[in-house]
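Okay, here's what each chain looks like letter by letter:
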Amino acid sequence: MSICRGCLLVRQSFFHNDPKNFADVGGGVLGCRGFHSSFRTTQSGLSLNIDVSTTMIINPGPVVDFLISNQNVRDPFSLDWAKAKRTLKNLRIKTSPSNQEFKITGLSELPCKDQMFTLKVKGGRDGDDATEEVTVYDYFVNHRKIDLRYSGDLPCINVGKPKRPTYFPLELCSLVSLQRYTKALSTLQRSSLVEKSRQKPQERMRVLSDALKSSNYGSEPMLRNCGISISSSFTEVEGRVLQAPRLKFGNGEDFNPRNGRWNFNNKKIIKPTKIERWAVVNFSARCDVRGLVRDLIKCGQMKGIVIDQPFDVFEESGQFRRAPPVVRVEKMFELVQSKLPGAPQFLLCLLPDRKNSDLYGPWKKKNLAEFGIVTQCIAPTRVNDQYLTNVLLKINAKLGGLNSMLGVEHSPSIPIVSRTPTIIIGMDVSHGSPGQSDIPSIAAVVSSREWPLISKYRACVRTQSPKVEMIDNLFKKVSDKEDEGIMRELLLDFYSSSGSRKPDNIIIFRDGVSESQFNQVLNIELDQIIEACKFLDEKWNPKFLVIVAQKNHHTKFFQPGSPDNVPPGTVIDNKICHPRNYDFYLCAHNGMIGTSRPTHYHVLLDEIGFSPDDLQELVHSLSYVSEEHHCHFCRDMLFNLSKNPIYAVAPICYAHLAATQMGQFMKFEDNSETSSGHGDTPAPPVPQLPKLQDNVSSS
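Worth saying up front: this structure is predicted, and the values here are computed from it rather than measured. The written sequence of each chain sets the order in which its residues are numbered from 1. Per-residue local features of the predicted model are confined to residues with pLDDT of at least 70, and side-chain atom pairs are confined, for both listing and counting, to 80 or more; whole-chain, interface and lining totals are unaffected and use all residues. Water and hydrogen atoms play no part in the side-chain values, which are based on all heavy atoms of the structure.

A. View of the packing of aromatic side chains. Stacked, tilted and edge-to-face are the three classes assigned to paired rings of Phe, Tyr and Trp, where Trp is represented by its six-membered ring and a pair needs centres within 6.5 Å; plane angles under 30 degrees give stacked, over 60 edge-to-face, the rest tilted. Within this structure, the stated rule accounts for 15 aromatic pairs. Ring centres 5.6 Å apart and planes at 85° place the aromatic pair phenylalanine 283 and tryptophan 363 in the edge-to-face group. On the criterion of sequence distance, the pair formed by phenylalanine 283 in the loop between strand E19 (278–282) and helix H7 (289–303) and tryptophan 363 in helix H9 (residues 360–371) is long-range, its members being 80 residues apart. Both residues of the pair, phenylalanine 283 and tryptophan 363, count as buried. With 5.5 Å between their ring centres and 85° between their planes, phenylalanine 557 and tyrosine 585 make a pair best called edge-to-face. Taken as a pair, phenylalanine 557 in the loop between strand E31 (543–550) and strand E32 (570–572) and tyrosine 585 in strand E33 (residues 582–587) lie far apart in primary sequence, 28 residues in all. When a residue's accessible area, from a 1.4 Å probe over protein chains only, is under 20% of the maximum for its type it is buried; when over 50% it is exposed; and in between it is partly exposed. The class for phenylalanine 557 is buried, based on a relative accessible area of 11%. Three or more aromatic residues joined by ring pairs form one cluster here, namely Phe102, Phe117, Tyr139, Phe140 and Phe168. Charges are assigned to positions over rings by a cutoff of 6 Å between ring centre and Lys NZ or Arg CZ, combined with an angular limit of 35 degrees from the ring normal. The ring of tyrosine 137 carries lysine 113 above its face, with NZ or CZ at 5.3 Å from the centroid. The ring of phenylalanine 255 carries the charged tip of lysine 267 above its face, separated from the ring centre by 4.5 Å. Starting at the N terminus, helices and strands are each numbered in turn, a helix being any DSSP run of H or I of at least four residues and a strand any DSSP run of E of at least two.

Structure (structure tokens):
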């Protein structure tokens, strides 16, 4: 039905060619708004799931305009043509004046005025067709009588085959509409997309109601023949709102979050550290560094953190500001080493760019892998007490402190978890963007430590083959007595940090898998975890709880008669859930912008025996512990501060952040666009992550 209407289909979403649905996010890329539509079996029968969906498309129009915008240059003569060739490959164009459509296969090696091709000329001397060598420019200007204003000195678009190229001057080519853009968006593009595509609940309800009417499912012959009719109103379900867990701060203070929010105003940290040997490094950030240090020390005193005066402030030399990021980091470390009497406990790094600084990866790698120094990067654009408090909470956690904890941890009174040694695990895999087929995938697994706490975590991160979703390093037997897998490392850490106790219960939260992969989670990943346990102790038989958390779904909840999102803590476990399997939706966070998206939890296996109420309360509590509590890492990560409950349980968010930030830390070389792609070419070995220095493996 959608194909007949000229839509772009992306899996179960369809997008119309209507400029009203386009939002320019920069770089020659548009956000195109469409609709997701699918049928699902639920407890109330067959249900239609419809939602607003967005995909990225190329900005249609002249190819040269797209390239100038994509590369952010002033004119076509400043373009990087090697990059342009990779970007344009396989895109569809229309050529003028014929208005024919072609697929781009490449660019000419020479400019239009120099690129020769063989032209057949009718009526040669012997009556046969003759040939002559002409330039593309000469052919279009003199033979076709088409005026070319600027293409003569630019490469031509090639729409032919490798041995039979067909060239068109650049200015005669225009990109057709509704072509997907599959490369990774920049930070600014993502920010622009979020800004332009978000919708308040009432607006989203109106848009979806209109879409349901205009789609006219009732007239679809196949549905009518099957006796299926679709209601024109939303499904009404009963939900419960779970009470927010009580939080404990320093000086024995308790606090009950209201509307899913809390802050550190007039509160002290529950376990502060002392910052002694430290220094400040400034990569040309424009700010009052001495004033920032003074305010940071003052703010630390208010939160209970004792901060000594820094040894020094190291300013970057102006001669290196335009140097490559790796060089700038090297020169800065040379300066620091020449002045400091010994290794510092901590380095505060001031970056000049608020969004995605190229210095971040090299700086982190230098500190953590080579020198073993704990570091915190900031981009101090607007500094106030709240900003400094957030920074201090991150620093405190990295240096071994604890910012706050749940009341049920302090008691301890979490059903099952507080009575029986229990390890909580979060797992996620981060892949390169769709156009990066050679970038290794990064698997991250985090685990709780210091039982009976559930707010302290350690992370372990490994690379694996590109685009492989199942984690293949959970158990890695290298000899009869040696296992180099992820789980051994995490289980031993739990044992050593929890009073030499082995966990009797293992709770696993898995992120990023679809319903078609649920069996693989049980048959591949869970089997590896069981093997790792048996390898440590043949007689050890822990019980397992396996839960998959899905964020990328299209189920939304609205409050009837209210313009607001559903309140934080809303849980739905009836009517729209699976007819046989145990699943539930939980919206733990307070949606301040746009429409809240609940997390969909699927319980694949429960050998422990949680009641539904106890399990939902545990999941809800785990959404409140992601406050940059103390986290130990075997490879470096920086977890974000949250003073709201998060959209999913903390171990999943930590695993996601670990995998994503390790990708930035590594900055793998992207060779996918220049690889030959021949089937007989052996796959390159997957590069491994660098080992961190022992003294920062807990930062």
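B. Representation of the pairing of strand E7 (residues 92–95). Burial along E7 is one-sided: the face carrying Ile93 and Thr95 is buried and the face carrying Arg92 and Lys94 is not. In terms of strand pairing, E7 meets strand E8 (residues 100–103) through four bridges, oriented antiparallel. Looking at the pairing, lysine 94 lines up with glutamate 101 of E8. In this description, strands pair whenever DSSP reports at least two bridges between them. In textbook terms, the turn of a hairpin is the stretch between consecutive antiparallel strands, and for E7 and E8 this stretch comprises four residues, one of which, asparagine 99, has a positive phi near 65°.

C. How the structure looks around the sheet that holds E19. The strand order across the open sheet built from four strands is E21-E19-E22-E23, with neighbouring strands paired in parallel fashion. Two strands in the sheet have a free side with no partner beyond their single neighbour: strand E21 (313–315) and strand E23 (374–378). Sheet twist, expressed as the mean angle between neighbouring strand axes with direction ignored, is 20°. With three bridges connecting them, E19 and E21 associate as parallel partners. From the neighbouring strand, asparagine 282 faces E21, where its bridge partner is glutamate 315. By definition in these notes, contact holds between two residues if any of their heavy atoms fall within 4.5 Å. The axes used here are C-alpha line fits, helices contributing only the stretch in contact, and every angle between their N-to-C directions lies in the interval 0 to 180 degrees. Here H7 sits on the sheet in contact with E19, E21, strand E22 (346–350) and E23, set at roughly 145° to E19. Helix H8 (residues 325–339) contacts E19, E21 and E22 of the sheet and is inclined by roughly 145° relative to E21.

D. Just the sheet that holds E8, in detail. Spatial ordering of the open sheet is given by E6-E14-E7-E8, a layout of four strands whose pairing is antiparallel. Each end of this open sheet is capped by a strand with a single partner; those strands are strand E6 (61–62) and E8.

E. Looking closely at the pattern of salt bridges. The term salt bridge refers to a side-chain nitrogen of Lys or Arg lying within 4 Å of a carboxyl oxygen of Asp or Glu. For the structure shown, the criterion picks out 25 salt bridges. We note a salt bridge from aspartate 295 to arginine 294, for which the minimum N-O separation is 3.8 Å. A relative accessible area of 30% places aspartate 295 in the partly exposed class. Given the relative accessible area of 53%, arginine 294 is considered exposed. Among the salt bridges present, the one from aspartate 537 reaches lysine 502, with a minimum N-O distance of 2.5 Å. Here lysine 502 lies in the loop between helix H12 (486–497) and strand E30 (505–511) and aspartate 537 lies in the loop between helix H13 (518–536) and E31, a separation of 35 residues in the sequence. Note on aspartate 537: relative accessible area 23%, which makes it partly exposed. What makes lysine 502 partly exposed here is its relative accessible area of 35%.

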